[in-house]
Amino acid sequence: MGDFLTMQDIQTAADAVRTHSDVQPRVGMILGSGLGPLAESVSDPQYVTYDQIPGWPVSTVEGHVGRLVLGELEDQPVIVMQGRTHYYEGYDMPRLGLPVRVMQNLGIEILIVTNAAGAVNPDFEPGDLMLLTDHLNFIGMAGNNPLRGPNLDELGPRFPDMSKVYDRDLQALARMVSDEAKLAIQQGVYVCLAGPCFETPADLRFLRTAGVDAVGMSTVPEAIIGRHGGSRVMAVSGISNKANLDGETETTHEEVLEAGKVLVPKLTTLLRGVLRKLS
Ligand code: HPA
């Protein structure tokens, strides 16, 4: 059997967060590679490092600080994950679902997930933001779904619907903010691959044929747990590089982190604007 989560695992981890913070979050946010500085906008921050939370998957990758920041952003109580873990780091998929389960246990209604991604759509440029309208769960189709294993019926159904993973009202709010702030945003389909290799040109041509706009190694497992547990989910990719469909250019983690510097101010404007519009 795999490393499946129990209600007790979730409760123990959530209680550990409660011993460090009295914030009752309404919104949970996950900050991807190079996007962690967004957490600096949180007021009256309280910090919980991942190693203080039993069972929490600890991030091992540069660009991920590895702590929770609880406080307020635009008058909304928030819990922000400054850094996340990925499947390629070696955790089982169900374990990667623990952070979202804990945020749900702490009371979030809304989950906002961000990531750094490669542009598969040739119209996208590094530095663009892309609002996810849907995803291709490639890694899940191949058998690695975070819901694999005994279903926790108290939290959600065995066979959850995924026709509208990304909440349409939240997408509409994001578009409204983008119009008002004159901040152009792209939209499209994100695919989650296992990583850690970047894609070959053949991988990328295949993904493009399959209708993919951006490629990365995260977000989809978190969005699935989000929906399973009844959270409203919004996700945004920060496009960090052009995918290398012709095989002429290389992709590096350094350029992904470098792009974060351009993306953080844009993402901050977008997400603060969305939080302001939440009633
Ligand atoms: N491929 C996969 N994941 C990524 C990329 C990419 O090009 N850029 C940032 N994350």
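On a predicted model such as this, the values are computed, not experimentally measured, just so you know. (Residues numbered from 1 in each chain as written. Predicted model: local features only at pLDDT ≥ 70, side-chain atom pairs only at ≥ 80, totals over all residues. Heavy atoms only, no water.)

S.K.: Any chance you could explain the site of the ligand here in plain terms?
M.R.: Around the ligand, the neighbouring residues are A116, A117, G118, F198, E199, V215, G216, M217, S240, N241, T251 and V256. Contact between the ligand and E199: a nitrogen atom at 2.8 Å from a side-chain N or O atom of the residue. With respect to the ligand, the side chain of N241 contributes an N or O atom lying 2.7 Å from a nitrogen atom. The protein chains hide 94% of the 260 Å² of surface that the ligand would expose on its own. Mapped by element, the contributors of at least two residues to the shell around the ligand are β5 (110-119), β8 (214-216) and β9 (232-242). The element that contributes the greatest number of residues to the shell around the ligand is β5, accounting for 3 residues. Residue classes in the shell around the ligand are distributed as 6 nonpolar, 5 polar and 1 charged. (Near = heavy atom within 4 Å. Polar contact = N/O pair within 3.5 Å; in protein donor to acceptor, adjacent residues only side chain to side chain. Areas by Shrake-Rupley, 256 points an atom, 1.4 Å probe, with all protein chains shown as cover. Helix = DSSP H or I, 4+ residues; strand = E, 2+ residues; numbered from the N terminus. Nonpolar A, V, L, I, M, F, W, Y, C, P; charged D, E, K, R; others polar.)

S.K.: Please explain the side chain of D128 as it appears in this structure.
M.R.: Examined against the element boundaries, D128 turns out to sit in the loop between β5 and β6 (129-136). Here D128 occupies a buried position and makes no salt bridge, while the nearest side chain of opposite charge, K266, is found at 4.8 Å. A polar atom in the side chain of D128 sits 2.9 Å from the backbone nitrogen of E125. The residues touching D128, leaving out its near neighbours within four places in the chain, are D123, Q186, S237, G238, I239, L263 and K266. (Buried < 20%, exposed > 50% of the residue type's maximum accessible area, 1.4 Å probe, protein only. Lys, Arg positive; Asp, Glu negative; His and termini not counted. Salt bridge = Lys/Arg side-chain N within 4 Å of Asp/Glu carboxyl O. Contact = heavy atoms within 4.5 Å.)

S.K.: I tried to follow the nonpolar core on my own but got confused; where do I start?
M.R.: One broad rule of soluble globular proteins: the nonpolar side chains tend to lie buried together. Among the nonpolar cores identified, the biggest contains 46 residues, and V17, I53, L68, V102, M103, L111 and Y190 are the most heavily contacted of them. Looking at which element gives the most residues to this core, the answer is helix α1 (residues 7-20), with 5 residues. In contact with M103, other than residues within four places in its own chain, are G28, M29, I30, I79, M81, I108 and L111. L35, L170, M234 and V274 belong to the second-largest nonpolar core, a separate cluster that totals 31 residues. (Core = buried A, V, L, I, M, F, W, Y, C linked by side-chain atoms within 4.5 Å.)

S.K.: Quick question: what am I supposed to make of the packing of aromatic side chains here?
M.R.: The relation between two aromatic rings is expressed through the spacing of the ring centres and the mutual angle of the planes. Counting across every chain of the model gives 2 aromatic pairs. Look at F138 and F206: their rings are 6.0 Å apart centre to centre, the planes differ by 75 degrees, and that puts the pair in the edge-to-face class. Of this pair, F138 sits in helix α4 (residues 138-141) while F206 sits in helix α6 (residues 201-209), placing them 68 residues apart in sequence. Owing to a relative accessible area of 33%, F138 belongs among the partly exposed residues under this scheme. (Phe/Tyr/Trp six-rings, centres within 6.5 Å; stacked < 30°, edge-to-face > 60°.)

S.K.: Please explain the packing of helix α3 (residues 98-105) against helix α7 (residues 220-228) as it appears in this structure.
M.R.: Two packed helices can be described by the angle between their axes and the distance between those axes. Relative orientation of the contacting elements α3 and α7 amounts to 35 degrees, with a least axis distance of 9 Å. In the packing of α3 onto α7, the handedness of the crossing is right-handed. Contacts between α3 and α7 involve V100, R101 and Q104 from the former and E222, I225, G226 and H228 from the latter. Here the contact of α3 with α7 is built from residues that sort into 2 nonpolar, 3 polar and 2 charged. (Axes fitted to C-alpha atoms, helices over the stretch in contact; angles between N-to-C directions. Left-handed = near helix turned anticlockwise from the far one by under 90°.)

S.K.: Is there a simple way to think about helix α5 (residues 168-180) in this case?
M.R.: Owing to its 3.6 residues per turn, the α-helix brings residues three or four apart onto one side. Across its 13 residues, α5 extends 18 Å between first and last C-alpha, which sits within 8% of the 18 Å expected from 1.5 Å per residue. Contacts from the buried residues of α5 go to β5, β6, β7 (185-192), β9 and α8 (253-277). N-capping of α5 is provided by D167, with a side-chain oxygen placed 3.0 Å from the backbone N of D169. Count one or two residues on from α5 and you reach K182, which has phi positive near 50 degrees. (Expected span 1.5 Å × (residues − 1).)

S.K.: Sorry if this is basic, but what is going on with the pairing of strand β3 (residues 67-73) here?
M.R.: One face of the sheet, then the other: side chains in a regular strand alternate in exactly this way. Within β3, 5 of the 7 residues are buried, leaving the element largely enclosed by the surrounding structure. Here strand β2 (residues 43-49) runs beside β3; their pairing, made up of 5 bridges, is antiparallel. Bridging from a neighbouring strand, Q46 pairs with L70 of β3. Here β3 folds back onto strand β4 (residues 76-82), and the loop between the two strands holds 2 residues, one of which, E74, carries a positive phi near 50 degrees. (Pairing = 2+ DSSP bridges.)

S.K.: For this particular structure, what's the right way to read a nonpolar patch on the surface?
M.R.: On the surface, F138, M141 and F206 cluster together to form a nonpolar patch covering roughly 330 Å² of accessible area. Position of M141 among the secondary structure elements: in helix α4. By relative accessible area, which is 61% here, M141 ends up exposed. (Patch = residues over 30% accessible without salt bridge, like charges linked within 9 Å, V, L, I, M, F, W, Y side chains within 5 Å.)

S.K.: So what exactly am I meant to see when it comes to α1 here?
M.R.: Between its first and last C-alpha atoms α1 spans 21 Å; for 14 residues at 1.5 Å apiece the expected length is 20 Å, and the two agree. Looking at the packing, one finds that the buried side of α1 touches β2, β3 and α3.

S.K.: It is not clear to me how the state of the cysteines should be interpreted in this structure. Could you clarify?
M.R.: In a disulfide, the sulfur atoms of two cysteines are held together by a covalent bond. Per the stated rule, a full pass over the model turns up 0 disulfides. Considering cysteine sulfurs only, C197 is the nearest to C192, which forms no disulfide, with 14 Å between them. (Disulfide = S-S within 2.5 Å.)

Keep in mind these values describe shape, not function.
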